[in-house]
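The residues making up each chain are set out below.
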2 protein chains.
Amino acid sequence: MTDISNQGGLSPQASTLPSGTHRIVVIGAGFGGFSAARALKAAKIHITVIDRTNHNLFQPLLYQVATAALSSNDIALPIRSVFRSRPEIMVLMAEVTGIDRAGKRVEIDGATAVPYDTLILATGSVYSWFGHDRWAVRAPALKTVADALSLRNRLLDVFERAELSEDPVETTRLMTFVVVGAGPTGVEMAGAIAELSHNTLDRDFRRIHPSRVRIVLCDAGDRVLASFPKRLSDYAARRLETLGIELRLNAGVEDIDARGVVAGGQRIDAECVFWAAGTKATPVASWLGVQPERNGLVRVEPDCSLPGHPDIFIIGDAASLAGADGKPLPGLGSVAKQQGKYVGKLVAARLGGGHRVAPFRYRNWGELAMIGGSSAVGKFGRFHLTGFPAWVVWSIIHLLLLVSARNRTVVYVNWIWAWLTYGRGARVITRTPSHMPDDQR
Amino acid sequence: MTDISNQGGLSPQASTLPSGTHRIVVIGAGFGGFSAARALKAAKIHITVIDRTNHNLFQPLLYQVATAALSSNDIALPIRSVFRSRPEIMVLMAEVTGIDRAGKRVEIDGATAVPYDTLILATGSVYSWFGHDRWAVRAPALKTVADALSLRNRLLDVFERAELSEDPVETTRLMTFVVVGAGPTGVEMAGAIAELSHNTLDRDFRRIHPSRVRIVLCDAGDRVLASFPKRLSDYAARRLETLGIELRLNAGVEDIDARGVVAGGQRIDAECVFWAAGTKATPVASWLGVQPERNGLVRVEPDCSLPGHPDIFIIGDAASLAGADGKPLPGLGSVAKQQGKYVGKLVAARLGGGHRVAPFRYRNWGELAMIGGSSAVGKFGRFHLTGFPAWVVWSIIHLLLLVSARNRTVVYVNWIWAWLTYGRGARVITRTPSHMPDDQR
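Cut-offs and rules
- Residues numbered from 1 in each chain as written.
- Chains lettered and ligands numbered in written order.
- Predicted model: local features only at pLDDT ≥ 70, side-chain atom pairs only at ≥ 80, totals over all residues.
- Heavy atoms only, no water.
- Helix = DSSP H or I, 4+ residues; strand = E, 2+ residues; numbered from the N terminus.
- Buried < 20%, exposed > 50% of the residue type's maximum accessible area, 1.4 Å probe, protein only.
- Contact = heavy atoms within 4.5 Å.
- Areas by Shrake-Rupley, 256 points an atom, 1.4 Å probe, with all protein chains shown as cover.
- Expected span 1.5 Å × (residues − 1).
- Pairing = 2+ DSSP bridges.
- Domains from an automatic or database assignment.
- Buried area = accessible area lost by both parts, 1.4 Å probe.
- Salt bridge = Lys/Arg side-chain N within 4 Å of Asp/Glu carboxyl O.
- Polar contact = N/O pair within 3.5 Å; in protein donor to acceptor, adjacent residues only side chain to side chain.
- Nonpolar A, V, L, I, M, F, W, Y, C, P; charged D, E, K, R; others polar.
- Axes fitted to C-alpha atoms, helices over the stretch in contact; angles between N-to-C directions.
- Parallel < 35°, antiparallel > 145°, perpendicular 65-115°, else oblique.
- Left-handed = near helix turned anticlockwise from the far one by under 90°.
- UniProt positions renumbered as here; feature names shortened; annotations may be inferred.
- Phe/Tyr/Trp six-rings, centres within 6.5 Å; stacked < 30°, edge-to-face > 60°.
- Lys NZ or Arg CZ within 6 Å of the ring centre and 35° of its normal.
- pLDDT = per-residue confidence, 0-100.

A.B. asks: Even after reading the chapter, I still don't get the overall build of chain A, so can you show me in this structure?
C.D. replies: Assigned secondary structure in chain A consists of 12 helices and 25 strands. Taken across its 441 residues, chain A has 56% of its residues classed as buried. In chain A, once contacts between residues fewer than 6 apart in sequence are set aside, the share between residues at least 24 apart is 65%. Element-wise, carbon and sulfur atoms account for 53% of the exposed surface of chain A, whose accessible area totals about 17900 Å².

A.B. asks: How do you make sense of helix H7 (residues 184–201) of chain A when you look at a structure like this?
C.D. replies: Two residues of an α-helix separated by three or four positions point the same way, owing to the 3.6 residues in each turn. The end-to-end C-alpha distance of H7(A) is 24 Å, a good match for the 26 Å that 18 residues give at a rise of 1.5 Å each. Counting buried positions along H7(A) gives 13 out of 18 residues, so the element sits mostly inside the fold.

A.B. asks: Mind showing me how you'd approach the pairing of strand E1 (residues 22–27) of chain A here?
C.D. replies: Put simply, side chains in a regular strand alternate between the two faces of the sheet. All names here are of chain A. With six of six residues buried, E1 lies mostly within the body of the structure. Burial along E1 is two-sided: His22, Ile24 and Val26 and Arg23, Val25 and Ile27, pointing in opposite directions, are all buried. Two elements, E1 and strand E2 (residues 45–51), share six bridges in a ladder whose sense is parallel. Its bridge partner lying in E2, Ile27 is registered against Ile50. Two strands pair when backbone bridges link them, and E1 and strand E9 (residues 118–121) are joined in this way by four bridges, in the parallel orientation. Paired with Ile24 across the strands is Thr118, a residue of E9.

A.B. asks: Would you mind showing me how to read the domain arrangement of chain A here?
C.D. replies: Residue and element names in this part refer to chain A. When the domains of chain A are assigned, the result is domain 1 (22–124 + 282–352) and domain 2 (132–276). The C-alpha-based centres of domain 1 and domain 2 are spaced at 32 Å. Listed per partner, the contact involves 14 residues of domain 1 and 14 residues of domain 2. Interface area, domain 1 with domain 2, both sides summed: about 1100 Å², of which 69% is carbon and sulfur. Considering only the side of domain 1, the residues that lose the most area to domain 2 are Tyr63, Ala66 and Thr67, jointly responsible for 44% of the buried surface there. Taken together, the connections running from domain 1 to domain 2 amount to zero salt bridges. Remark: the boundary between domain 1 and domain 2 carries three residue pairs in polar contact (both at pLDDT 80 or more). In terms of residue count, helix H2 (residues 62–66) provides more of the side of domain 1 that touches domain 2 than any other element does, four residues in total. By residue class, the composition of the side of domain 1 that touches domain 2 is eight nonpolar, five polar and one charged.

A.B. asks: I keep staring at the sheet that holds strand E7 (residues 105–108) of chain A and nothing clicks. Help me out?
C.D. replies: Residue and element names in this part refer to chain A. In spatial order, the strands read E6-E7-E8; together these three strands make up an open sheet with antiparallel pairing. Strands at the two margins of the open sheet, each flanked by one partner only, are strand E6 (96–100) and strand E8 (112–115). Taking each pair of neighbouring strands and ignoring which way they run, the sheet shows an average axis angle of 25°.

A.B. asks: Help me understand the pattern of salt bridges in this model?
C.D. replies: Pairing between side chains of opposite charge can happen when their charged atoms approach one another. Counted according to the given criterion, the structure contains 37 salt bridges over all chains. As a salt-bridge pair, Asp255(A) and Arg134(A) come within 3.0 Å of each other at their nearest N and O atoms. Placement of the pair is Asp255(A) in strand E14 (residues 253–257) and Arg134(A) in helix H4 (residues 133–138), with a sequence separation of 121 residues. For Asp269(B), the salt bridge goes to Arg267(B), with nearest N and O atoms at 3.3 Å. Judged by relative accessible area, Asp269(B) falls into the partly exposed class, the value being 36%. Among the residues examined, Arg267(B) registers a relative accessible area of 44% and is labelled partly exposed. In this structure, a network of salt bridges that share partners links the residues Asp157(A), Arg161(A), Glu170(A), Arg173(A), Arg259(A) and Glu271(A).

A.B. asks: What is the right way to read the sheet that holds strand E14 (residues 253–257) of chain B from this model?
C.D. replies: Working definition: the strands of a sheet are paired by backbone hydrogen bonds and lie parallel or antiparallel to each other. All names here are of chain B. Taken in spatial order, the three strands make up an open sheet running E14-E15-E16, and their pairing is antiparallel. Of all the strands in the sheet, the pair left with one neighbour each is E14 and strand E16 (266–269). Across the sheet, the mean angle separating the axes of adjacent strands is 15° when strand polarity is ignored. As judged from the four bridges shared by E14 and strand E15 (residues 260–263), these two strands associate in the antiparallel manner. From the neighbouring strand, Asp255 faces E15, where its bridge partner is Val262.

A.B. asks: Please explain unusual backbone geometry as it appears in this structure.
C.D. replies: Excluding glycine, residues mostly have negative phi values, and the peptide bonds linking residues are mostly trans. Positive phi, normally seen in glycine, also occurs at Leu225(A), with a value near 45°. Checked against the element boundaries, Leu225(A) lands in the loop between strand E12 (214–218) and helix H8 (230–242). Look at Leu225(A) and you get buried, because its relative accessible area is 0%. Despite not being glycine, Ala68(B) has its phi angle at roughly 70°, a positive value.

A.B. asks: Please clarify how the packing of helix H1 (residues 31–39) of chain A against helix H10 (residues 333–352) of chain A should be interpreted in this entry.
C.D. replies: How two helices pack is summed up by the angle between their axes together with the distance between the axes. Residue and element names in this part refer to chain A. Axis separation between H1 and H10 bottoms out at 7 Å; the angle between their running directions is 30°. In terms of orientation, H1 and H10 fall into the roughly parallel class. Considering only the axes of H1 and H10, their crossing is right-handed. Here H1 contributes Phe31, Gly32, Ser35, Ala36 and Ala39 to the contact with H10, which in turn contributes Gly333, Ala336, Lys337, Gly340, Lys341, Gly344 and Lys345. Looking at the contact of H1 with H10 residue by residue, the class counts come to four nonpolar, five polar and three charged.

A.B. asks: Looking at this structure, I do not really get the UniProt feature "domain: FAD/NAD(P)-binding" (unreviewed entry) in chain A. What am I missing?
C.D. replies: Under the feature "domain: FAD/NAD(P)-binding" (unreviewed entry), the UniProt entry names residues 23–340 of chain A. What you have in residues 23–340 of chain A is 30% helix and 29% strand, and the ends, taken at the C-alpha atoms, are 17 Å apart.

A.B. asks: It is not clear to me how the pairing of strand E16 (residues 266–269) of chain A should be interpreted in this structure. Could you clarify?
C.D. replies: Residues and elements named next belong to chain A. As defined by bridge partners, strand E15 (residues 260–263) adjoins E16 across four bridges and the pair is classed as antiparallel. Bridging across to E16, Val262 finds its partner in Arg267. What sits between the antiparallel neighbours E15 and E16 is a turn of two residues, in which Gly264 has the positive phi angle 55°.

A.B. asks: What's the story with the packing of aromatic side chains in this structure? I'm lost.
C.D. replies: Between two aromatic rings, the relevant description is the distance of the centres plus the angle of the planes. As enumerated under the stated definition, the model contains 22 aromatic pairs over all chains in all. With a centroid separation of 5.5 Å and 20° between ring planes, the pair formed by Phe388(B) and Trp391(B) is classed as stacked. Of the two residues, Phe388(B) and Trp391(B) both sit in helix H11 (residues 387–401), three residues apart, roughly one turn of that helix. Feature note: the residues Tyr127(A), Trp129(A), Phe130(A), Trp135(A) and Trp275(A) constitute an aromatic cluster, connected by ring pairs. Positioned over the ring face of Phe205(B) is Arg80(A), at 3.9 Å from the centre of the ring. Lying over the aromatic face of Phe228(B), Lys379(B) brings its terminal NZ or CZ to 5.8 Å of the ring centre.

A.B. asks: Help me understand the confidence of the model for chain A, please; the structure alone is not making it clear to me.
C.D. replies: Note: predicted coordinates in regions of low pLDDT should not be interpreted at a detailed level. All names here are of chain A. Per-residue pLDDT for chain A has a mean of 87; in total, 88% of the residues score no lower than 70. Per-residue pLDDT stays below 50 along residues 1–9; that stretch engages in 19 contacts with residues further than four places along the chain or on separate chains. Confidence over residues 435–441 falls short of pLDDT 50; this stretch has 14 contacts with residues more than four positions distant or in other chains. Interface confidence in the predicted complex, given as ipTM, is 0.87; pTM for the same model is 0.89.

A.B. asks: Help me understand the environment of Gly30(A), please; the structure alone is not making it clear to me.
C.D. replies: Residues and elements named next belong to chain A. Turning to its location among the elements, Gly30 is positioned in the loop between E1 and H1. Under the relative-accessibility criterion, Gly30 is labelled partly exposed at 28%. Taking the C-alpha atoms as reference points, Gly30 and His198, 168 residues apart in sequence, are found 33 Å from one another.

A.B. asks: I tried to follow the environment of Val145(A) on my own but got confused; where do I start?
C.D. replies: All names here are of chain A. On the secondary structure map, Val145 appears in helix H5 (residues 145–164). According to the relative accessible area criterion, Val145 is buried, its value standing at 2%. Once the C-alpha coordinates of Val145 and Arg294 are considered, the two residues, 149 residues apart in sequence, prove to be 27 Å apart.

A.B. asks: What is the right way to look at the environment of Ala113(A) in this model?
C.D. replies: Residues and elements named next belong to chain A. Along the chain, the position of Ala113 falls in strand E8. Judged by relative accessible area, Ala113 falls into the buried class, the value being 16%. In this structure, the C-alpha to C-alpha distance between Ala113 and Val347, residues 234 residues apart in sequence, is 22 Å.

In structure tokens form, the structure reads like this:
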């Protein structure tokens, strides 16, 4: 029998780690936590990265997994393989269940404790259904790989069911898609569903015409992409209408049930409803025992530390911090990434001799939003970009941002292929495993 | 509101189809049904292809999906996209629930009827746990995409749990893998688990050593790869031992429970048990109301038709037919593929004027089995191939057999990448979607 010796312990105390080792715990391996751990290089440190999944996910392309253009593996990297050559980093796939601030320990899986000297919280945000938890099952959102695969199964499945249906009313309901929330995620989802139906699926069916799907994009506000300048919102709205997408603005969702949605006083019968509306922070505030701001965010100091606790940092979507213009920084991957790098370097500098570091400053390189139909919008300071040029810039930037060269190559092959053929490479519907008893399928 | 008109009906009667149209129903779009529909080209026909999934799966590479080397989309093709340019072919994703032989109709989803003039049954085989249905949940098998993803999650998850474990006995149990059945599937699974643990994962963990996993391959028979000549079996056994795999021959499985396996009178504590032992035919015999042979197979005439029913054909794993040597044809993809092509051409010829067609004859081009560690075995008539040359032949043949050029390119990129780096591109663990209530996760 092979001997599997236990190497060290989950709680590396002074006795097992070389004396004077500074223990850092990073919770969350998204844009923020990932770049914090990458930037944090110093002598005599031990970093524990804790995430509930085993991968770092490139979320901006997740909608392409949900709409059958990419495989999940193309945009997800195993966290531990990235930190393979850094022996001082230990990766744990576990659920954080609490933080003992007095004892300076993180509790995982309700049982084990991981001690820290410095704690970096980068847990991001989750979707919020405005208190209507039963809507969550009817109108799923897109945050994790499992979400994307579940949305993809739903999306592809309705076309299959429509092809089989002998009831025209039910066929129409099956072929109606509602996207709730017209921010960047809602807009790209609606656009991608239009592309999938019009281009990829249309000639594949005999009894239905996927190009005749009805796609409704509704929002409580009065314009799409509200974080962009009005001119770009208007451009996006026109492009969405060209793609055959029905816009319902000033139409807040009032109810979601098994048959469809009620928005702006009107009922829309639909089988597939996707949620891209509100988000809130993960339970960081309750772990820390502090009073959260709106949406569960925790206010931090200009150096991203928790007020009164220079050993605890909160970065990314879970943190509330004002930018140079006095407005709160947006919940974007680029903010999280820059904060992660900033905090990683700050902690390293502190360990190296305690230099004072300038407060965090967000460098806004610009923002892009994909619409679909080879069109996007972008703002770079005062400079605006629309249509095909914006789409090209979007594609290049997203390809460059993908961390792994393998993923870059595979995504590139898939995109070129899709562009040449309108084909989509990831159209497999995954059912429950065949070894599951039928009643659990 | 878009008008989605109902095109034709699920039951194309003489009234909706041009008069004299011959209606063919193909059940199953695996190797057999797929090649039957491809080969069946004639005037005035209408073909309905029914499958419970939406894809044609290249099963020989499924173990690479289960062991994190490939994504499922790399080896699965949407059935309808393949038949896009053949308007006489309608594809339905549905479950066949019965066959009305007198009325010449196939019942799908317990409700709808699809009439046929000619019926081709290509439903393949399913795994059989020798009557121990409760073993199925503990020791899943590898037949569908969902199976592969479920196995992959299990496989990657145990390493994560072992890294967290503080109990050495539990760690050892988590890092023990048992594969039941030493045929080609069991051998390639055991070899791939060894490659994954030794090469890909080993440097990724801090507390466990994945290269010290214990992999046990057990079989009730007295040699591995029993369908191959003794010399090749012996070679494979030696190679498997070089890979660190424990062989347990003459060790039939007596019990499988939540803690492990009892085989050949000995208990092996293991979390992951994979089943690669027996298969049986799908319920074709009961649908047709005929007496099955061993393992549910239905005996067919030399032209693959059901005795006494020249309008019903059974091909592939579900059919029992003797080869030129008098021995039953094996349950291989190549047999199913050749039978499909044969029956497709036979039906087309019959519709074209009723020429007599020679009985089906299996052309045995040879057989290969992957071992792992850049090694395989192959027999081509009297010619045997072992080791690296067999591995090269295996790789080239499997790449060429992949139907789609896109899939071929992506698999090629993944393989080259893995060969250069020992990395595996498909290591994402998929959890339950985040919108599911916690108690359903």
